[in-house]
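Listed here are the chains, written in short residue letters.
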Amino acid sequence: MASVYAVVVSSAIGRVRFSFDSQGCLQRVDLCVRAALGCRGLPPQGTPDSASLEKWLSHYFAGSTTSFPGRWQILTGSAFRKSVYQTVVDIPMGQTMTYGEVAVMCGSPGAARAVGSAMAQNPIPLVVPCHRVLAANGLGGFTSPSGVKLKIELLAFEARPSLSSVRTKV
C-alpha cells in the first residue's frame, strides 16, 4: 500500500517523518529528514496526530519504553524477515543483540547476513529498533542519512545510566 498521509515532527535527533497507508497503519519512518514540520494528506481514521508522535519520541528519548501510539505492520518480505523484525521489536531498550544472535532466535543459525540485510531494509526504525542489532565484531551498519553516527547516538541515548536494567552485549 502506498503512503497517503505523512507527518514530520521534531525529535532529539532531528526531524522524523512518519508515513501511513489509507488504513492509518504506519508504513515508513524516515530519520533526520530535511522536510518541513507538518502534515501531507488527510489522516485516515486512527492515525496518531503529530502531538502524539512527538510525545512518543520525547518519551523514547527520555528512556521510556512506551508502545508506538498507532498501528504498524510490515507487509513485505519473507516469513524469515518478518520473524527477524518481531525478534528485534522484543529487544529491550538499553540492550543489544548481534546479527548472529537474532538469526539463532529466528531458528536460522548461520543467517547473520540475512539478518543484516533485513536491518538495512527496515522501513520503520525506532518502532523496529534495528540500531540495537550489532555485528559480532563491532557496530555494523545503519541506514540513515547520518549512517553509523546516528546508530551510535541512538545507542548512547539508550545506554544512559538513568535507564533501568541496562545490559549491553557486544
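Please read these numbers as outputs of a predicted model, since none were measured by experiment. (Residues numbered from 1 in each chain as written. Predicted model: local features only at pLDDT ≥ 70, side-chain atom pairs only at ≥ 80, totals over all residues. Heavy atoms only, no water.)

Draft legend 1. Layout of the overall build of the protein. Assigned secondary structure in the protein consists of five helices and seven strands. Mapped from its N terminus to its C terminus, the protein presents α and β elements in the order β-β-β-β-α-β-α-β-α-α-β-α. Taking 170 residues into account, the globule formula puts the C-alpha radius of gyration at 15 Å, and the protein, at 16 Å, falls close to it. Considered along the principal axes of its C-alpha atoms, the protein spans approximately 45 × 35 × 25 Å. Counting across all 170 residues of the protein, residues that qualify as buried make up 44%. Contacts spanning at least 24 positions in sequence make up 57% of the contacts within the protein whose residues lie at least 6 apart. Within the structure as shown, the protein displays about 8400 Å² of accessible surface, and the carbon and sulfur contribution to it stands at 54%. Computing the positive centroid from 16 side-chain charges and the negative centroid from 8, the protein places the two 5 Å apart. (Helix = DSSP H or I, 4+ residues; strand = E, 2+ residues; numbered from the N terminus. Rg over C-alpha atoms; globule rule 2.2 N^0.38 Å. Buried < 20%, exposed > 50% of the residue type's maximum accessible area, 1.4 Å probe, protein only. Contact = heavy atoms within 4.5 Å. Areas by Shrake-Rupley, 256 points an atom, 1.4 Å probe, with all protein chains shown as cover. Lys, Arg positive; Asp, Glu negative; His and termini not counted. Charge placed at Lys NZ, Arg CZ, Asp CG, Glu CD.)

Draft legend 2. Inspection of the pattern of salt bridges at higher detail. Under the counting rule described, the total for this entry stands at three salt bridges. Taking the shortest distance from any N to any O, the salt bridge between Arg-28 and Asp-30 comes out at 3.0 Å. For Asp-30, a relative accessible area of 15% puts it in the buried group. One connected set of salt bridges, linked through shared partners, spans Arg-17, Arg-28 and Asp-30. (Salt bridge = Lys/Arg side-chain N within 4 Å of Asp/Glu carboxyl O.)

Draft legend 3. Local environment of the nonpolar core. The biggest cluster of nonpolar side chains holds 42 residues, and the ones touching the most others in it are Phe-18, Leu-31 and Met-119. Broken down by secondary-structure element, the contributors of at least two residues to this core are strand 1 (5-11), strand 2 (14-20), strand 3 (25-31), helix 1 (50-61), helix 2 (79-89), helix 3 (99-105), helix 4 (112-120) and helix 5 (148-158). If one sorts the elements of this core by residue count, helix 1 sits on top with five residues. (Core = buried A, V, L, I, M, F, W, Y, C linked by side-chain atoms within 4.5 Å.)

Draft legend 4. Looking closely at the packing of helix 2 against helix 4. Interhelical geometry of helix 2 versus helix 4 gives an angle of 75° and a closest axis separation of 10 Å. In terms of orientation, helix 2 and helix 4 fall into the roughly perpendicular class. Residues Phe-80, Arg-81, Val-84, Tyr-85 and Val-88 of helix 2 form the contact with helix 4, whose own contacting residues are Ala-114, Val-115, Ser-117, Ala-118 and Met-119. Tallied by class, residues from the contact of helix 2 with helix 4 come to eight nonpolar, one polar and one charged. (Axes fitted to C-alpha atoms, helices over the stretch in contact; angles between N-to-C directions. Parallel < 35°, antiparallel > 145°, perpendicular 65-115°, else oblique. Nonpolar A, V, L, I, M, F, W, Y, C, P; charged D, E, K, R; others polar.)

Draft legend 5. Representation of helix 1 in the model. Between its terminal C-alpha atoms helix 1 stretches 16 Å, which fits the 16 Å expected from 12 residues at 1.5 Å a residue. Regarding helix 1, the residues found buried are Leu-53, Trp-56, Leu-57, Tyr-60 and Phe-61. Around the axis of helix 1, the buried residues are gathered within 125° of arc, so they sit on the same side. Lining the buried residues of helix 1 we find strand 1, strand 2 and helix 5. Where helix 1 terminates, the next one or two residues include Gly-63, which has phi positive at roughly 95°. (Expected span 1.5 Å × (residues − 1). Arc of directions from axis to C-beta.)

Draft legend 6. Structural view of unusual backbone geometry. Although it is not a glycine, Cys-32 sits at a positive phi angle of roughly 55°. Counting through the fold element by element, Cys-32 comes out in the loop between strand 3 and strand 4 (38-40). The residue Leu-126 is not glycine, and still its phi comes out positive at about 80°. Summarising the element assignment, Leu-126 is placed in the loop between helix 4 and strand 7 (133-134).

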